[in-house]
Amino acid sequence: MNIPMVDLKSQYLKIKSEVDSKIANVIENTAFVNGEDVKEFKKELATYLNAKHVITCGNGTDALQIAMMALGLKAGDEVISTDFTFIATVETIALLQLTPVMVDVDPETFTISPEAIEKAITPKTKAIIPVHLFGQCADMDRIMEIAEKHNLYVIEDTAQAIGSDFSSEKGWTKKAGTIGHIGCTSFFPSKNLGCYGDGGAIFTNDDELGEKISSIVNHGMKVRYYHDRIGVNSRLDTVHAAVLRVKLPHLDEYNAARRAAADYYDRAFADCDMLITPQRFKKSTHTFHQYTMILKGVDREGLQAHLKSKGVSSAVYYPVALHNQKAFQGYDYNENDYPVTDELCKTVLSLPMNTELDQDTLKYITDSVLEFVGV
Ligand SMILES: *Cc1c(COP(=O)(O)O)cnc(C)c1O
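This is a predicted model, so every value here is computed, not measured.

## Structural notes on the domain arrangement of the chain
When the parts come together, some accessible area is lost, and that loss is often what is quoted as the size of the interface.
Part 1: Domain boundaries in the chain define domain 1 (8-103 + 110-249) and domain 2 (251-373).
Part 2: Its C-alpha centre places domain 1 at a distance of 24 Å from the equivalent point of domain 2.
Part 3: For the domain 1 face of the interface with domain 2, the top three residues by lost area are Phe84, Phe134 and Asn192, together amounting to 22%.
Part 4: Linking domain 1 to domain 2 there are four salt bridges.

Below you can see the structure in the form of structure tokens.
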């Protein structure tokens, strides 16, 4: 047995003929940069998300950096984000000489705590970056309320939740990434909508921001060789756009397959008090970028070793809270502000999660887990 966390090969084989011919077509046309597939993909993704502007870029990390550049934030401005995320979210804040202010997360959904955001606001705060972690939206009702009250920008990091729906208590439903001022996503191969290399996108419903972002991704240039602002070079290659155009129509079905696998895990572990299965936030659909449990009184390393001996992969997302990372040691923070992330880093475990998990595989995985836990 060899059960990986992600299985891109089996997924590819199901769409192979279409993908291969689209890629061959790109090579045939030699429009490797900004080809027809890029233009079409932007429109198709905008329609899917119901977003006014979609601008593609080189990866999800660039998307976050470019979003903050477009907001015109100045060195020393504070940007609040979560302590429990992939480093890209907070790294880009620091890279732009802004001050990252990391706050604790909600113990049930693992997404940024609105109460912790409110407490962290100072006169220097300019923006909030909630992360829709593991496939589930943060509480965008509360976050947008806080942002409006304090006149802050909101950039949604939806690298792990493309396709998730947020249903507001006000009655509307919107796609993750289209609620704040700007949304950012990644098409890294293992993400829910992955290409065959690096890729990313930025979305906004604001015309002015859309225009700025389009300019920044392309050296601050609208008319060739006339540069209006300092920008970067960040592009989605045509080959990747071609792959994404094949995969986008399958995204809902891919996310449903992830949800079905998560439901199987939930049922298998329902009677085991030592395995706390992921809570479903009532305002968001969950697209399960990761299936992440909390272990109660289980030796995590022992369980991982046992699973490995059975050929089952597992992973810890994330083993170290960002405030404890060496990279952030120069910043001012209070050790006691992170009780939830500190605990999660010690107790979370993620199981294989992808679009290709069949019932037999899921049974084998869950039996292997329960065998160790002793149920
Ligand atoms: C993957 C990821 C990113 C970065 O995306 P890349 O395309 O790898 O640069 C940013 N934020 C989160 C939460 C991610 O999971």
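Following the structure, the description resumes.
## Concerning the pairing of strand β4 (residues 125-129)
Part 1: Of all five residues that make up β4, four are buried, and the element is covered over most of its length.
Part 2: The sheet contact formed by strand β2 (residues 78-82) and β4 spans four bridges and is parallel. The partner of Glu78 across the bridge, within β4, is Thr125.
Part 3: As paired strands, β4 and strand β5 (residues 153-157) are joined by two bridges and run parallel to one another. From the neighbouring strand, Ala127 faces β5, where its bridge partner is Tyr153.
Part 4: Between the parallel pair β4 and β5, the chain is carried across by helix α6 (residues 140-150), and the sense of this crossover is right-handed.

## A closer look at the side chain of Gln65
Part 1: Inspection of the secondary structure assignment puts Gln65 in helix α3 (residues 60-70).
Part 2: Discounting chain neighbours no more than four positions away, the residues touching Gln65 are Thr92, Leu95, Leu96 and Val232.

## Overview of the site of the ligand
Part 1: Taken together, the neighbourhood of the ligand is formed by 13 residues, with Gly60, Thr61, Asp157, Ser186 and Lys191 sitting nearest.
Part 2: Gln160 is positioned such that a nitrogen or oxygen atom in its side chain is 2.8 Å from an oxygen atom of the ligand.
Part 3: Within the contact set of the ligand, an oxygen atom lies 2.7 Å away from a side-chain nitrogen or oxygen of Lys191.
Part 4: Coverage of the ligand by the protein chains reaches 92% of its 380 Å² of free accessible surface.

## Remarks on the pattern of salt bridges
Part 1: What the rule picks out here adds up to 19 salt bridges.
Part 2: Salt-bridge contacts for Glu40 lead to Lys43; the nearest nitrogen and oxygen are separated by 3.2 Å. Taken together, the residues Glu40 and Lys43, both in helix α2 (residues 36-49) and three residues apart, mark about one turn of the helix.
Part 3: With relative accessibility at 52%, the residue Lys43 sits in the exposed group.
Part 4: Linking Glu211 and Lys222 is a salt bridge whose minimum nitrogen-to-oxygen distance equals 2.7 Å. Of the two residues, Glu211 is situated in helix α7 (residues 207-216) and Lys222 in the loop between α7 and α8 (238-247); the sequence distance between them amounts to 11 residues.

Rules used throughout
- Residues numbered from 1 in each chain as written.
- Predicted model: local features only at pLDDT ≥ 70, side-chain atom pairs only at ≥ 80, totals over all residues.
- Heavy atoms only, no water.
- Domains from an automatic or database assignment.
- Buried area = accessible area lost by both parts, 1.4 Å probe.
- Salt bridge = Lys/Arg side-chain N within 4 Å of Asp/Glu carboxyl O.
- Buried < 20%, exposed > 50% of the residue type's maximum accessible area, 1.4 Å probe, protein only.
- Helix = DSSP H or I, 4+ residues; strand = E, 2+ residues; numbered from the N terminus.
- Pairing = 2+ DSSP bridges.
- Right-handed = clockwise from strand over helix to strand, strands pointing away.
- Contact = heavy atoms within 4.5 Å.
- Near = heavy atom within 4 Å.
- Polar contact = N/O pair within 3.5 Å; in protein donor to acceptor, adjacent residues only side chain to side chain.
- Areas by Shrake-Rupley, 256 points an atom, 1.4 Å probe, with all protein chains shown as cover.

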